[in-house]
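Residues per chain are reported as follows:
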Amino acid sequence: MSLLLERTLTGAGMWSGVVSRGKRLRLTDIEGGANVGMLLYNALERHERYNMPDTLKGQHIFYLRAPYCLHSDMGRLLASITEDTVGWHDTVCGHSNAAGVLAKYGDHDYQHARNEWYRNARDCFLIELAKWGLGKKDLVPNLNWFSKVVADEAGKLSFVPGHSKAGAVVELRFEIDTLVVLNTCQHPFDPDPEYRSHPVKLEILEGDAPALDDPSLTIRPENLRAWENNETYHALRF
Amino acid sequence: MTESTLDPANASYRHVIPAGDWWVHEIKRGETLRILDLEGNQAADTLFYSAADPTDRYSADGTIQAQQALYLTTGTKLMSTEGNVLLEITADTCGRHDTLGGACSRESNTMRYAHDKECMHACRDSFIRGAQEWKVELTKRDIACNINFFMNVPVSPEGGLTFADGISAPGRYVEMKAAMDVVCLISNCPQLNNPCNGWNPTPVEVLIF
């Protein structure tokens, strides 16, 4: 697979772009402890977006790992997880905001901090969304790659520190032309009292659409039916 | 479990939402909304919006984040996307409500059950109709992840997620007090393919005090 783009995102950085069907997006946690907040939209029909409930209930899981899929709110697949050395990624805890970052990490002004001025995930999402004509209405529960949060029997949540190690990789194959919006801000439950910059390597590679025996499609009958809905969409659209 | 101190005889508004139907109504700051499960095991799929600014709306992930827990019950603050408290649950005789499972849609029914289920009634269609009746400019973009009152979606410590048989029963209710003027949009779930409403959608009653 040829490499189309390679970029190192600093911690608390952001990126957005359209990645077409079949291409792969590969994220590498360079130092360990990274978090990548991500939102996904159908690039052509941007009201179609990543849907946390359909992704979870379609696959009877509370977290994500390979070879599971990321479902849209229109009964289709946006992407499949093709490689994953982490094994557990959160998608229910949302993202940080300005008030939370101020309360957790303290006040911090640009005149002194310069480019180390604290960012938060919500602002990063809104800034990148605006570049594609989207905004607050498009903020929905996001993915948090590399972060593990577990629930006890009563539903109480706990963040698992040190979950993602240096060199950890997760790779997505897009099943539809997709607008990807991401940032590398810390997970909102990260107990680290310090505001840390965890860099992430982003690569985009050429690839092909899956065959019918692809593990992402065979792991759940729901995934195969969603992929069949993609096929109908592509047959009508292109 | 927390019993209410309010007497239904004193409600200023009462309305029965028939099985499978939708309802949209404003609840003023300080008022209390009760949702009553009349026949048991019904799922009341519910969204809230700030009445003044519908882009400030119920946030499932914001609510989970604020309480660092998945299930909603007495004491849970229902948070908005702007970080505001919309309502707080003040009484609950069911004990657990879901906000992970979202709402069924005709499109997701094809994925979850079978392609030929597309023709069936579904919550997201009801949400879209209800939202349009409140403000015509609201569209599918305004339909976000919702609360499922009376629904049981247990998560295991190993990360499994199941749609379990309901833990509600006839006459159980949940009450919440509005911290700001809000609009409540309910789809009384028409789902016939899973046990969220015991394969038998039934009416719920809404009361405002």
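Residues numbered from 1 in each chain as written. Chains lettered and ligands numbered in written order. Predicted model: local features only at pLDDT ≥ 70, side-chain atom pairs only at ≥ 80, totals over all residues. Heavy atoms only, no water.

Naming follows an unreviewed UniProt entry, where chain B appears as Urea amidolyase associated protein UAAP2 of Luteolibacter soli.

Looking at an unreviewed UniProt entry, chain A carries the name Urea amidolyase associated protein UAAP1, with the source organism given as Luteolibacter soli.

Novice: Looking at this structure, how should I read empty space enclosed by the protein?
Specialist: Where empty space is left in the structure can be found by rolling a water-sized probe over the atoms. Residue and element names in this part refer to chain B. With the rule as written, the count across this model stands at one cavity of 30 Å³ or more. Along the wall of the largest cavity there are 14 residues; nearest its centre are Gly102, Cys104, Met151, Cys189 and Cys196. Among the residues forming the lining of the largest cavity, the class breakdown is six nonpolar, five polar and three charged. (1 Å grid on protein atoms, 1.4 Å probe; cavity = no way out; pocket = protein on both sides within 12 Å on 5 of 7 lines; lining within 4 Å. Points joined across faces, edges and corners; volume = space filled by probe spheres on them. Nonpolar A, V, L, I, M, F, W, Y, C, P; charged D, E, K, R; others polar.)

Novice: How should I be thinking about the packing of aromatic side chains in this particular structure?
Specialist: Within a pair of aromatic rings, the relevant descriptors are the distance that separates the centres and the angle that separates the planes. Counted under the stated rule, the structure contains seven aromatic pairs over all chains. Between Tyr105 of chain A and Tyr195 of chain A, the aromatic rings sit 5.2 Å apart at their centres with planes inclined by 90°, giving edge-to-face as the arrangement. A residue pair is termed long-range when its members are at least 10 positions apart, and Tyr105 of chain A in helix H2 (residues 98–105) and Tyr195 of chain A in the loop between strand E11 (178–183) and strand E12 (200–205) qualify at 90 residues. Among the residues examined, Tyr105 of chain A registers a relative accessible area of 13% and is labelled buried. The ring of Tyr173 of chain B has Arg34 of chain B sitting right over it, with the charged end atom 4.3 Å from the ring centre. Lys135 of chain B extends its terminal NZ or CZ atom over the ring of Trp134 of chain B, reaching a point 5.2 Å from the ring centre. (Phe/Tyr/Trp six-rings, centres within 6.5 Å; stacked < 30°, edge-to-face > 60°. Helix = DSSP H or I, 4+ residues; strand = E, 2+ residues; numbered from the N terminus. Buried < 20%, exposed > 50% of the residue type's maximum accessible area, 1.4 Å probe, protein only. Lys NZ or Arg CZ within 6 Å of the ring centre and 35° of its normal.)

Novice: Help me understand the sheet that holds strand E5 (residues 77–79) of chain B in this model?
Specialist: Note: strands within a sheet are paired through backbone hydrogen bonds, in either parallel or antiparallel orientation. All names here are of chain B. In spatial order, the strands read E1-E10-E3-E8-E6-E5; together these six strands make up an open sheet with antiparallel pairing. Among the strands making up the open sheet, the edge pair consists of strand E1 (13–17) and E5. Taking the axes of each pair of neighbouring strands and ignoring which way they run, one obtains an average angle of 25° across the sheet. One ladder, built from five bridges, connects strand E6 (residues 85–92) with strand E8 (residues 172–178); its direction is antiparallel. If you follow Glu88 over to E8, its bridge partner there is Lys177. (Pairing = 2+ DSSP bridges. Axes fitted to C-alpha atoms, helices over the stretch in contact; angles between N-to-C directions.)

Novice: Help me understand the interface of chain B and chain A in this model?
Specialist: Note: interface size is frequently given as the accessible area lost on complex formation between the parts. Facing 43 residues of chain B, the contacting portion of chain A comprises 48 residues. For the chain B and chain A pair, buried surface summed over both sides reaches about 3900 Å², with 52% attributable to carbon and sulfur atoms. Across the contact surface, chain B and chain A share six salt bridges. Across the salt bridge formed by Lys137 of chain A and Asp142 of chain B, the nearest N and O atoms sit 3.2 Å from each other. The tally of links from chain B across to chain A stands at 29 residue pairs in polar contact (both at pLDDT 80 or more). Looking at the side of chain B that touches chain A, the elements that each hand over two or more residues are helix H1 (60–67) and helix H2 (106–112) of chain B. Element by element, the count of residues in the side of chain B that touches chain A is highest for H2 of chain B, at five residues. (Contact = heavy atoms within 4.5 Å. Buried area = accessible area lost by both parts, 1.4 Å probe. Salt bridge = Lys/Arg side-chain N within 4 Å of Asp/Glu carboxyl O. Polar contact = N/O pair within 3.5 Å; in protein donor to acceptor, adjacent residues only side chain to side chain.)

Novice: What am I meant to see in the UniProt feature "domain: DUF1989" (unreviewed entry) in chain A here?
Specialist: UniProt annotation of "domain: DUF1989" (unreviewed entry) refers to residues 8–179 of chain A when read in the numbering used here. The span residues 8–179 of chain A is 17% helix and 29% strand, and its two end C-alpha atoms sit 19 Å from each other. (UniProt positions renumbered as here; feature names shortened; annotations may be inferred.)

Novice: Please clarify how the environment of Val86 of chain A should be interpreted in this entry.
Specialist: Residue and element names in this part refer to chain A. In this fold, Val86 is placed in the loop between strand E6 (77–84) and H2. Overall, the relative accessible area of 16% leaves Val86 in the buried class. For the pair Val86 and His163, spaced 77 residues apart in the sequence, the C-alpha separation amounts to 7.6 Å. For Val86, the residues in contact, after removing those within four places along its chain, are Phe146, His163, Ser164, Ala168 and Val169.

Novice: Sorry if this is basic, but what is going on with the pairing of strand E3 (residues 32–37) of chain B here?
Specialist: Most of E3 of chain B is tucked away, with six of its six residues classed as buried. Across the two faces of E3 of chain B the burial is the same, with Thr32, Arg34 and Leu36 of chain B and Leu33, Ile35 and Asp37 of chain B all buried.

Novice: What is the right way to look at the UniProt feature "domain: DUF1989" (unreviewed entry) in chain B in this model?
Specialist: When the UniProt feature table is mapped onto this chain, "domain: DUF1989" (unreviewed entry) is found at residues 16–183 of chain B. Taken end to end, residues 16–183 of chain B comprises 16% helix and 26% strand; its first and last C-alpha atoms sit 17 Å apart.

Novice: Before we go on, may I ask you to explain the nonpolar core in this structure?
Specialist: Note on soluble globular proteins: their nonpolar side chains tend to be buried together. Leu27, Met38, Leu70 and Trp145 of chain A together with Leu70 and Leu100 of chain B are the most contacted members of the largest nonpolar core, which has 67 residues in total. Examining the composition of this core, we find that four residues originate from one element, strand E10 (residues 168–174) of chain A, more than from any other. (Core = buried A, V, L, I, M, F, W, Y, C linked by side-chain atoms within 4.5 Å.)

Novice: What should I look at first to understand the pattern of salt bridges in this one?
Specialist: Between side chains of opposite charge, a pair can form when the charged atoms approach closely. All names here are of chain A. Applying the stated criterion across every chain yields a total of 28 salt bridges over all chains. Where Asp73 meets Arg49, a salt bridge forms, and the shortest distance between an N and an O atom there is 4.0 Å. Note that Asp73 is positioned in the loop between strand E5 (69–71) and E6 and Arg49 in the loop between strand E4 (36–42) and helix H1 (52–59), a separation of 24 residues in sequence. Assessed through its relative accessible area of 2%, Arg49 is described here as buried.

Novice: Can you help me understand the side chain of Thr28 of chain A in this one?
Specialist: Tracing the backbone through its elements, the reader meets Thr28 of chain A in strand E3 (residues 24–29). The class of Thr28 of chain A is buried, set by a relative accessible area of 12%.

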